[in-house]
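# A closer look at the structure
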Amino acid sequence: MSSGLQAERKCTVVVNHCLQHTGTCMQVVLLFSDTQIKDESFVEDLSNLLNTYEVPNLMSAGDLGAIFENLRPRAKQAGMDGDRDQLYNFFNQEVRRNLHIVLSFSPVGDAFRERLRKFPSLINCTTIDWFTAWPRDGLATVATNFLAGLPGVDEKVAKALPALCVKFHEDVQALSARFLAEQHRHYYVTPTSYLELLGSYKRLLANRQDEVRQQLAPANKPVSMLHAHLSAQYHGQYAQ
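From a predicted model like this one, the values you see are computed outputs, not experimental measurements.

## Looking at the nonpolar core
By size, the foremost hydrophobic cluster in this structure holds 31 residues, and its most contacted members are Leu19, Leu49, Met59, Phe91 and Leu99. Residue assignment for this core shows that the elements contributing at least two residues are helix H1 (3–23), strand S1 (28–33), helix H2 (41–52), helix H3 (61–77), helix H4 (84–98) and strand S2 (99–104). Formed by 11 residues, the second largest nonpolar core is a distinct cluster that contains Ala143, Val153, Leu161 and Val166.

## Notes on the packing of aromatic side chains
Per the stated rule, a full pass over the model turns up five aromatic pairs. For the pair Phe112 and Trp130, a centre-to-centre distance of 6.2 Å together with 85 degrees between the ring planes defines the contact as edge-to-face. Residue Phe112 is found in helix H5 (residues 110–118), and its partner Trp130 is found in the loop between helix H6 (121–124) and helix H7 (136–146); the two are separated by 18 residues along the sequence. Take Trp130: its relative accessible area is 57%, and that puts it in the exposed class. Aromatic side chains Trp134 and Tyr194 sit 6.4 Å apart centroid to centroid with 85 degrees between the ring planes, which places their arrangement in the edge-to-face category. Residue Trp134 is located in the loop between H6 and H7, and its partner Tyr194 is located in helix H9 (residues 191–239); the two are separated by 60 residues in the primary sequence. What makes Trp134 partly exposed here is its relative accessible area of 32%. In textbook terms, an aromatic cluster arises when at least three aromatic residues are bridged by ring pairs, as seen for Phe105, Phe112 and Trp130. One Lys or Arg, Lys202, reaches over the ring of Phe146 and ends 4.9 Å from the middle of that ring.

## Thoughts on the packing of H3 against H4
It is at 9 Å that the axes of H3 and H4 come closest, and there the two elements cross at 80 degrees. Viewed along their axes, H3 and H4 adopt a mutual orientation that is roughly perpendicular. Only Arg84, Leu87, Tyr88, Phe90, Phe91, Glu94 and Arg97 of H4 make contact with H3, whose side of the interface consists of Ala61, Leu64, Gly65, Ile67, Phe68, Leu71, Arg72, Arg74 and Ala75. Its residues assigned to classes, the contact of H3 with H4 comprises 10 nonpolar, one polar and five charged.

## Observations regarding the pattern of salt bridges
Charged atoms that come close allow side chains of opposite charge to pair. According to the stated counting rule, one finds 12 salt bridges in the structure shown. Across the pair Arg115 and Glu40 runs a salt bridge, and its minimum N-O distance is 3.1 Å. Here the residue Arg115 occupies a position in helix H5, and Glu40 occupies one in the loop between S1 and H2, the gap between them amounting to 75 residues. For Arg115, a relative accessible area of 13% puts it in the buried group. Here Asp110 ties to Arg113 by a salt bridge, and the two come within 2.4 Å at their closest N and O atoms. Placement of the pair is Asp110 and Arg113 together in helix H5, with a separation of three residues, close to one helical turn. The same class applies to Asp110 as to Arg113, namely exposed. Through salt bridges that share partners, Arg74, Glu94 and Arg97 make up one connected network.

What counts, and at which threshold
Residues numbered from 1 in each chain as written. Predicted model: local features only at pLDDT ≥ 70, side-chain atom pairs only at ≥ 80, totals over all residues. Heavy atoms only, no water. Core = buried A, V, L, I, M, F, W, Y, C linked by side-chain atoms within 4.5 Å. Buried < 20%, exposed > 50% of the residue type's maximum accessible area, 1.4 Å probe, protein only. Helix = DSSP H or I, 4+ residues; strand = E, 2+ residues; numbered from the N terminus. Phe/Tyr/Trp six-rings, centres within 6.5 Å; stacked < 30°, edge-to-face > 60°. Lys NZ or Arg CZ within 6 Å of the ring centre and 35° of its normal. Axes fitted to C-alpha atoms, helices over the stretch in contact; angles between N-to-C directions. Parallel < 35°, antiparallel > 145°, perpendicular 65-115°, else oblique. Contact = heavy atoms within 4.5 Å. Nonpolar A, V, L, I, M, F, W, Y, C, P; charged D, E, K, R; others polar. Salt bridge = Lys/Arg side-chain N within 4 Å of Asp/Glu carboxyl O.

This is how it looks when you write it as structure tokens:
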């Protein structure tokens, strides 16, 4: 089975699972990032969910039968326990009430614009929160919290690290603007880039500390023996 088909089947299972749980009175949040889109059919399913809260031909007759049996007592209280169509309408109402869809899409590149053109529900059926560049204070706060408690780092160095990370990020932003002006090409610097910078520093620091410990390991035994010998001499002289 190809990776694309496996990803599509996994997405179908997740959506099916969400609908079954929300239809049986469970609050569910479906969080979906554009990095999880392995095939554009994913976006079509999301568009259908946003528009009608259902995906055509997603559930088998057996799945719906089991759901209807669980729903029937509450559907009866609502006066919607008649035929199969009424039960399905009640199920759809429950999905609308309990399913909350959160999409995380990056506006960088042509993919986002193309998806909005193909699937208007991504705009018409959502509330869009645009997350712009972080201010300098925000960058410094994130770096301070992210780099807190680094092992083996001098306190003075640790205090200077957040400001240095902010400078790196702002310098890259300035260079990307210059690159656009001179070469007419975009290089996007996002908050994710900043988090990757912080994570890279922590990984690099840990790797270098491991290298130093490995290099010092052969000398640990001779140093310990020398320390014990000098200590014995000192105590012997003190005893005399």
